[in-house]
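One-letter residues, chain by chain:
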Amino acid sequence: MLNKLNSGSIFLVFLFSLFTLNVFAQEASVQGIIIDASNNEPIPFANVIVTGTQLGSVSDIDGKFTINGLTPGYIKLQVSYVGYKNQFSADILVNNSSIPFIEIKLQPSEILLDEVQITVDPFEKTEQAPLSMQSIGTKEIESNPGANRDISRVIQSFPGVGSTPAFRNDIIIRGGGPSENRFFLDDVEIPVINHFATQGASGGPVGIINADFIETLNFYSGSFPSDKYNALSGVLEFKLKEGSKDKTNFQVSVGASEAAFTVNGPIGDNTSYIFSIRRSYLQLLFSALELPFLPTFNDYQLKVKTNFNAKNQLTIISIGSLDHLTLNESIANPDPSQEYLLTQIPINDQWSYTLGAVYKNFFDKGFHTFVLSRNMLNNTFYKYPDNDESMDKSFDYESIEAENKFRYELTLRDKGFKYNFSGNLEYAHYENSTTQSIFINDSLINFNYFSTLNFLKYGLSANVSKRILKSRLLVSAGIRFDGLDYNSTMSNLFNQSSPRIALSYTLSEKFLLNAAIGKYYQLPAYTTLGFRNNMDELVNSESASYLGVNQYNLGVEYRYSEAIVFSLEGFKKDYYNYPIDVYTGASLANQGADYSSVAGATQATFTGTGQANGIEFLNRINLKKFTLLASYTFVRSKFTDINGTLIPSSWDSRNLLSITGTKDFKNNWRLGFKWRYVGGLPYTPYDMETSANVNAWNAKGSPYLDFSQLNALRFNSFNQLDVRVDKYFFFQKWTLMLYLDIQNLLNYQVEGQDYIVREQNEDGSYKTINNGEDYVLETIPNSSGTILPTIGIMVKF
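Residues numbered from 1 in each chain as written. Predicted model: local features only at pLDDT ≥ 70, side-chain atom pairs only at ≥ 80, totals over all residues. Heavy atoms only, no water.

Another point: the overall build of the chain. Tallying secondary structure elements over the chain gives nine helices and 47 strands in all. Its C-alpha atoms give the chain a radius of gyration of 27 Å, within 12% of the compact-globule value 28 Å for 797 residues. Along the first, second and third principal axes, the C-alpha set of the chain runs to 90 × 65 × 45 Å. Expressed as a percentage of its 797 residues, the buried residues of the chain come to 59%. Contacts spanning at least 24 positions in sequence make up 67% of the contacts within the chain whose residues lie at least 6 apart. Approximately 31800 Å² of the chain is accessible, and the part contributed by carbon and sulfur atoms is 57%. (Helix = DSSP H or I, 4+ residues; strand = E, 2+ residues; numbered from the N terminus. Rg over C-alpha atoms; globule rule 2.2 N^0.38 Å. Buried < 20%, exposed > 50% of the residue type's maximum accessible area, 1.4 Å probe, protein only. Contact = heavy atoms within 4.5 Å. Areas by Shrake-Rupley, 256 points an atom, 1.4 Å probe, with all protein chains shown as cover.)

Next comes the structure, spelled out in structure tokens:
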């Protein structure tokens, strides 16, 4: 394998040397439009400057502008106009083969001459969320070392975001579980953002969202405004690029795990589109390396936007995935680690899609937003004992989640106030067919049930923000009401009322003091609401309630310059109504980051509480040729067990440190690095006595955890250094982008929970003792970590 990778690295160096001799020095262009963010009216005669240069333009009577003579590469625009706040654009990649089109929205300014002047913020925040929010541009996403253009890994550079040593994309924010987050693409909610997603949570090994589509990401790690709902820890709000207004463009990409094709361009005068498809080739690589599982994934993504006129626009968004995971049973003599995975991992087929339409109608002081969408997840997996298909399946699961959603929002400005009102109505359908054997309290219980449910979800919200005290104090206050017709408690909107308020006080031109307090609610997973016993009873129907958290945030921000910012922020999260598994006694907050395909499918009591408290430090530097993102988080995360005892959660990493930097050099070279340190995570030891029981092992195919010692042990901390080298070649009619990404350059070995396997006789049968009632188990140390180079090639034409 290393010889192959070394050969690939030599080949990449050869490509770099070859093409350096043939690059044309060309000039690039950018086009765009400047509009009023309140009513979408074009702004004529606005000044548009390319930051760090003397190049610029002035928008015409229709708000449009063109800037020519640009050096190919990433640029950022700064726009100014009297009566409006200065605004930075997102990162824009300009080249010779296409002309990108950028829409820049200016916010009206209410500041008078004798009031404090608010410094323009290139690290953009919103009025509704002056703290616990970070804006991430496409350049940061594209060049983040070790992330391979996967947004779930990019945000691991930011404060409060934890991670695990496993190759997964679980989003763990400020000590909350991976099920506590929500995701929006241009106002359309997408429940599934990862391939082979863990149903009932958000994680998976590979992201679905294609980085080619992302213009900016607003990442909320807390204190999100009232129009963001059904989340306890984080909200990721993606703004997608528009297709070219100029001509049809193509991009072909080959990366770490997949090949992709993207096309974008105009459809007539008022419509643009961007579309991509991707397919993995991991199954070929994994088979050659004799890994025990063979994943195959496919996905597509689409955006179509039509501007009927300045007052009306329609955007169509769609994204979908098709995944298949099977076992590599061609391994002749599997070693203990291979045997462990072969006996544990089920065969999994999963597909999902989201289709949504966003219609916006603008008027003098604001706009209406109508969002209509449908999403669906189909998840099937099964397991035969010892992968022997002549036997009955030990686990057979098939589930469908389908949601039809409508949301209306009214946004308007009047006399310095910004108002936002919203209402949402959703119809959801859930099906689950499960056959499973569980060994509990020295007895084998067979579950065999079919569950089908239809839900009606509804919500209302209001938010108002305004600057007062001569514009020194920004106040944003809101409230939400949410309901579900599952039981009498959840159906009452007022039982889930969630007020929140955020404040930002400008102490001086450079210092800001920020604070926020709020209450947030989230639905339990459908897998929990739809769980039935063998008597066809919805065992959670009476006790189920919304999960709740009270958030408290206090921070200070120092803006050294337009390109350098420091911040320090403390947070406190008090959870309540958290479900606890009645069989294991463990909080469901601990679930969602393993390779099982379901989280929360159990009988639960909704009496759990929890705490996640900590402090974060952040330094962001965003210069023309150099960027640095340094963050440190101290966090403690604890949730109660069924006895009411607070126990460290599976996300109680305590210390998180990340330093990410990039440096641009001459001739379009870029070098980047990312170093992460994550404190040791708690884990639960095995119950070796139960695991050895023949009936127990045969039912599950893997060892059992000893929940009487829930998270009583802790792994060692781990750290990882990733580096990345990018080289761009800009030709007359096409662009070539190459990168070499090396993960775990220091070859750090990560400690994992031991593998437990059954000892075998010489004839291949399994050893037993106690008259055949118990297997003889063997403990195999589990450590992982290797230097992982990746070559990426992207061609635009």
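Think of a ball as big as a water molecule: rolled over the atoms, this probe shows where empty space is left. Applying the stated criterion to the full structure yields 13 cavities of 30 Å³ or more. A volume near 780 Å³ is recorded for the largest cavity. Looking at the largest cavity, it is lined by 48 residues, and the ones nearest its centre are Arg182, Gly200, Asn230, Pro524 and Ala525. The residue inventory of the lining of the largest cavity, partitioned by class, reads 23 nonpolar, 17 polar and eight charged. Contributing to the lining of the second largest cavity are 32 residues, with Leu93, Pro100, Lys241, Asn264 and Lys796 lying nearest its centre. Among the elements that take part in the lining of the second largest cavity, strand E19 (residues 249–254) stands out by supplying three residues, more than any other. Considering only residue class, the lining of the second largest cavity consists of 14 nonpolar, 10 polar and eight charged. (1 Å grid on protein atoms, 1.4 Å probe; cavity = no way out; pocket = protein on both sides within 12 Å on 5 of 7 lines; lining within 4 Å. Points joined across faces, edges and corners; volume = space filled by probe spheres on them. Nonpolar A, V, L, I, M, F, W, Y, C, P; charged D, E, K, R; others polar.)

Glancing now at the sheet that holds strand E7 (residues 87–88). The sheet built from four strands is open, its strands ordered E3-E2-E6-E7 with antiparallel pairing. On the outer flanks of this sheet lie strand E3 (56–58) and E7, each paired with one strand and no other. Alignment of strand E2 (residues 47–50) against E3, held across three bridges, turns out to be antiparallel. Across the sheet, residue Asn47 finds its bridge partner in E3, namely Val58. (Pairing = 2+ DSSP bridges.)

What follows concerns the pairing of strand E34 (residues 604–622). On a regular strand, one side chain projects to one face of the sheet and the next to the other, so that they alternate. Pairing of strand E33 (residues 564–581) with E34 involves 15 bridges; the strand directions are antiparallel. Bridge pairing links Tyr575 to Gly610 in E34. In this structure, E34 lies alongside strand E35 (residues 626–640), joined through 13 bridges in antiparallel fashion. Bridging across to E35, Arg620 finds its partner in Leu629.

The three strands lie next to each other as E4-E1-E9, forming an open sheet whose pairing is mixed. The open sheet has two edge strands with one neighbour each: strand E4 (64–70) and strand E9 (101–106). Strand-to-strand twist of the sheet, defined as the mean angle between neighbouring strand axes without regard to direction, takes the value 25 degrees. In this sheet, E4 lies alongside strand E1 (residues 28–36) in antiparallel orientation, the contact comprising five bridges. Looking across to E4, one finds that Gln31 is bridged to Thr66. (Axes fitted to C-alpha atoms, helices over the stretch in contact; angles between N-to-C directions.)

What follows deals with the environment of Phe219. Along the chain, the position of Phe219 falls in strand E17 (residues 214–220). Judged by relative accessible area, Phe219 falls into the buried class, the value being 1%. In this structure the C-alpha to C-alpha distance between Phe219 and Phe238, which are 19 residues apart in sequence, comes to 8.5 Å. With sequence-adjacent residues up to four places away left out, Phe219 is seen in contact with Ser132, Met133, Gln134, Ile136, Ile155, Phe158, Val161, Ile173, Val235 and Leu236.

A ring pair, where both rings are aromatic, is described by two values, the distance of the centres and the angle of the planes. Considering all chains together, one arrives at 39 aromatic pairs under this definition. Seen from their ring centres, Tyr382 and Tyr384 are 5.9 Å apart, and the 80 degrees between their planes marks the pair as edge-to-face. By relative accessible area, Tyr382 is classed as partly exposed at 22%. The ring of Phe101 carries the charged tip of Lys245 above its face, separated from the ring centre by 5.1 Å. The ring centre of Tyr704 lies 4.8 Å from the NZ or CZ of Lys700, which sits over that ring. (Phe/Tyr/Trp six-rings, centres within 6.5 Å; stacked < 30°, edge-to-face > 60°. Lys NZ or Arg CZ within 6 Å of the ring centre and 35° of its normal.)

A word on the nonpolar core. Grouped together as the largest cluster of nonpolar side chains are 36 residues, with contacts concentrated most on Phe455, Leu484 and Tyr486. Put simply, the parts of the chain that give this core at least two residues each are strand E26 (395–414), strand E27 (417–440), strand E28 (443–468), strand E31 (511–522), helix H7 (526–529), strand E32 (547–561), E33 and E34. Leave out the neighbours within four places in its chain, and Leu484 touches Phe455, Leu456, Lys457, Tyr458, Met490, Ser491, Leu523, Leu529 and Tyr546. With 35 residues, the next largest nonpolar core counts Phe183, Ala197, Ala211 and Val358 among its residues. (Core = buried A, V, L, I, M, F, W, Y, C linked by side-chain atoms within 4.5 Å.)

Phi angles above zero are rare outside glycine, and Ser471 is one such case at about 70 degrees. Within the secondary structure layout, Ser471 lies in the loop between E28 and strand E29 (473–484). Although it is not a glycine, Asn668 sits at a positive phi angle of roughly 65 degrees. Structurally, the position occupied by Asn668 is in the loop between strand E37 (654–665) and strand E38 (669–678). Judged by relative accessible area, which is 31%, Asn668 ranks as partly exposed.

What follows deals with the environment of Leu232. Counting through the fold element by element, Leu232 comes out in the loop between E17 and strand E18 (234–240). In sequence terms Leu232 and Gln551 are 319 residues apart; their C-alpha atoms lie 9.0 Å from each other.

With that out of the way, let us pick up the pairing of strand E47 (residues 788–796). Note: E19 against E47, four bridges, orientation antiparallel. Within E47, the position partnered with Gln251 by the bridge is Lys796. Direction of pairing for strand E42 (residues 735–743) relative to E47: antiparallel, over a ladder of nine bridges. Bridge pairing in E47 links Asp741 to Thr790.

Mapped onto the elements, Glu215 comes out in strand E17. Once residues within four sequence positions are removed from consideration, Glu215 is found in contact with Ala90, Ile102, Ile136, Gly137, Thr138, Lys239, Leu240 and Lys241.

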